[in-house]
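What follows is the residue order along each chain.
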Amino acid sequence: MTRELKILHMHWGFPPMIGGVETHLTILLPELVRMGHQVSLLTGSFAGEKETDVYGGVKVHRTPLFDLNWLVKRGLEGLDPDLRKVYTEEIHAVRPDIIHAHNMHYFSEPHARILDQISQENGIPLVLTAHNVWDDTLFLRLSREIRWSHIIAVSHYIRMELLGIGIDDSKTTTVHHGLDLSKYHPNQQPVGALKRFPQLRGRSVVFHPARLGMAKGCDVSIKAMRVILERFPEAMLVLAGSKNIIDWAVSQEKDVAYFIDLIRILGIQDHVLIDVFSLEEMPDLYALS
């Protein structure tokens, strides 16, 4: 019989903030609750959302100290006392058996360093899920120097990158993201999407599900579309954006402006749809593609 655990997850954002990790958490955390675990999430504040709430049985606590869009404007100096207070209060309230951090090996050294100290002081295992890798010294330091009890990589590629910078092989595991097969399946009928976007009916749809940014390769998909149209003139590229993202590099508006110019210069305006989609609309868009 699996032991029931108290698990405290930590990540910078959670819906209505949209992103790959955020979407993953909406699937993973309620599933852990269904398995019998007590699950909590410490995440960033979001305008209009309660400081404390419940999502799928998960206790969600939001703090401005995890709001990267605010922190990038404020700066990271002088955060140590407030971070220690937030961590201490959360651990006292949850009394977790495990702390599970997501992508806290990047963005902010104070967040990771103080979390390391607090977990050591309380004797709580500190697990990291590495959803990404980066090429900079901050990534190297926080991946290597924080005393992670174990690191979960979401792909074999990410695990090999971690091993390449010296992470102990025995302390890393690849666990791929899961899908809710009751929502994502071949027989999905995309009635809602076709009603909202009738121009997609009868088209060969290429779907790029990622935030609108150069880092996600949206420019590559746009350029590729010009070539695709030579063989499939009825094709349509759908770029799925979101208004609510973590824009740590403060680059999204500039990137989107470039994409619009690129589409116009290539003359494929009638073959690219850029819009904002909710999580609930994603199964339809996958089915269309």
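Residues numbered from 1 in each chain as written. Predicted model: local features only at pLDDT ≥ 70, side-chain atom pairs only at ≥ 80, totals over all residues. Heavy atoms only, no water.

Q: Give a detailed account of the nonpolar core, specifying residues and quantitative values.
A: Looking at soluble globular proteins, one finds that nonpolar side chains tend to be buried together. Judged by nonpolar contacts, the single largest core of 39 residues is most densely connected at Met10, Tyr87, Ile99, Met104, Leu115, Trp148 and Leu162. In terms of residue count, helix α3 (residues 80–94) provides more of this core than any other element does, 5 residues in total. Ignoring any residue separated from it by four or fewer positions in sequence, one finds Leu115 in contact with Met10, Tyr87, Ile99, Ala101, Met104 and Leu126. If you look at the next biggest cluster of nonpolar residues, it comprises 14 residues, including Ala193, Phe197, Val205 and Met236. (Core = buried A, V, L, I, M, F, W, Y, C linked by side-chain atoms within 4.5 Å. Buried < 20%, exposed > 50% of the residue type's maximum accessible area, 1.4 Å probe, protein only. Helix = DSSP H or I, 4+ residues; strand = E, 2+ residues; numbered from the N terminus. Contact = heavy atoms within 4.5 Å.)

Q: Talk me through the packing of α3 against helix α4 (residues 109–122); I want residue IDs and the actual numbers.
A: Running from N to C, α3 and α4 point in directions that differ by 45 degrees, and their axes come no closer than 10 Å. Relative to α4, the element α3 lies oblique. Once α3 is placed against α4, the crossing between them reads as right-handed. Residues Asp80, Leu83, Arg84, Tyr87, Thr88 and Ile91 of α3 form the contact with α4, whose own contacting residues are Pro110, His111, Arg113, Ile114, Leu115, Gln117, Ile118, Glu121 and Asn122. (Axes fitted to C-alpha atoms, helices over the stretch in contact; angles between N-to-C directions. Parallel < 35°, antiparallel > 145°, perpendicular 65-115°, else oblique. Left-handed = near helix turned anticlockwise from the far one by under 90°.)

Q: I'd like a rundown of the sheet that holds strand β1 (residues 6–10), residues and numbers included.
A: Read from one edge of the open sheet, 8 strands run β3-β4-β2-β1-β5-β6-β7-β8, paired in mixed fashion. Only two strands of the sheet have a single partner each, and these edge strands are β3 (52–55) and β8 (172–174). In this sheet, neighbouring strand axes are inclined to one another by 25 degrees on average, regardless of whether the strands run parallel or antiparallel. Pairing of strand β6 (residues 126–130) with strand β7 (residues 150–153), which is carried by 4 bridges, proceeds in the parallel orientation. (Pairing = 2+ DSSP bridges.)

Q: Residues and numbers for α3, please.
A: Taking 1.5 Å of rise per residue, 15 residues should cover 21 Å, and α3 covers 21 Å from first to last C-alpha, within 8% of that figure. Where α3 is concerned, the buried positions are Leu83, Val86, Tyr87, Glu90, Ile91 and Val94. Each buried residue of α3 lies within a common arc of 125 degrees when the element is viewed along its axis, so the set occupies one face. Exposed residues lying more than 90 degrees from the buried face of α3 are Pro81, His92 and Ala93. Once α3 ends, the next one or two residues include Arg95, with phi positive near 50 degrees. (Expected span 1.5 Å × (residues − 1). Arc of directions from axis to C-beta.)

Q: Explain the pattern of salt bridges residue by residue, including any values.
A: Applying the stated criterion across every chain yields a total of 13 salt bridges. Between Asp80 and Arg113 there is a salt bridge, and its shortest N-O distance comes to 3.0 Å. Residue Asp80 is located in helix α3, and its partner Arg113 is located in helix α4; the two are separated by 33 residues in the primary sequence. Using a relative accessible area of 29% as the deciding quantity, one classes Asp80 as partly exposed. We classify Arg113 as partly exposed; its relative accessible area is 25%. A salt bridge links Glu109 to Arg113, with the nearest nitrogen and oxygen atoms 2.6 Å apart. Of this pair, Glu109 and Arg113 both sit in helix α4, 4 residues apart, which is roughly one turn of the helix. (Salt bridge = Lys/Arg side-chain N within 4 Å of Asp/Glu carboxyl O.)

Q: Account for empty space enclosed by the protein, with residues named and values stated.
A: Taken as a whole, this structure holds 1 cavity of 30 Å³ or more when the rule is applied. In this structure, the largest cavity occupies an estimated 40 Å³ of space. Lining the largest cavity are 11 residues, and of these Trp12, Gly13, Met17, Gly44 and Ser45 lie nearest its centre. Looking at the lining of the largest cavity residue by residue, the class counts come to 6 nonpolar, 3 polar and 2 charged. (1 Å grid on protein atoms, 1.4 Å probe; cavity = no way out; pocket = protein on both sides within 12 Å on 5 of 7 lines; lining within 4 Å. Points joined across faces, edges and corners; volume = space filled by probe spheres on them. Nonpolar A, V, L, I, M, F, W, Y, C, P; charged D, E, K, R; others polar.)

Q: Explain unusual backbone geometry to me, and be specific about the residues and the numbers.
A: Look at the link from Pro15 to Pro16: it is a cis peptide, with omega at 15 degrees. Mapped onto the secondary structure, Pro16 falls in the loop between β1 and α1 (20–34).

Q: Give a detailed account of the packing of aromatic side chains, specifying residues and quantitative values.
A: Two aromatic rings are characterised by how far apart their centres lie and by the angle between their planes. Taken as a whole, this structure holds 12 aromatic pairs when the rule is applied. Between the aromatic rings of Trp12 and Phe66, the centroid separation amounts to 5.4 Å while the plane-to-plane angle is 40 degrees, which identifies the pairing as tilted. Of this pair, Trp12 sits in the loop between β1 and α1 while Phe66 sits in the loop between β4 (58–63) and α2 (68–74); the two residues are 54 residues apart in sequence, bridging distant segments of the chain. Phe66 matches Trp12 in its accessibility class, with the two residues each being buried. Feature note: the residues Trp12, Phe66, Tyr87, Tyr106, Phe107, Trp134 and Phe139 constitute an aromatic cluster, connected by ring pairs. (Phe/Tyr/Trp six-rings, centres within 6.5 Å; stacked < 30°, edge-to-face > 60°.)

Q: Please give an account of α1 that cites residues and values.
A: For α1, which comprises 15 residues, the first-to-last C-alpha distance of 22 Å matches the rise-based estimate of 21 Å (1.5 Å per residue) to within 8%. Turning to α1, its buried residues are Val21, Glu22, His24, Leu25, Thr26, Leu29, Pro30 and Leu32. For α1, the elements touching its buried residues are β1, β2 (38–44), β3, β4 and β5 (98–102). The positive-phi residue at the C-terminal boundary of α1 is Gly36, with phi of around 105 degrees.

Q: Summarise the layout of surface pockets; cite the residues concerned and give the values.
A: Approximately 360 Å³ is the volume attributed to the second largest pocket. If you list the elements that add at least two residues to the lining of the second largest pocket, you get β1, α1, β5 and β6. With 4 residues, α1 is the largest single contributor of residues to the lining of the second largest pocket. Taken together, the residues that form the lining of the second largest pocket break down as 11 nonpolar, 8 polar and no charged.

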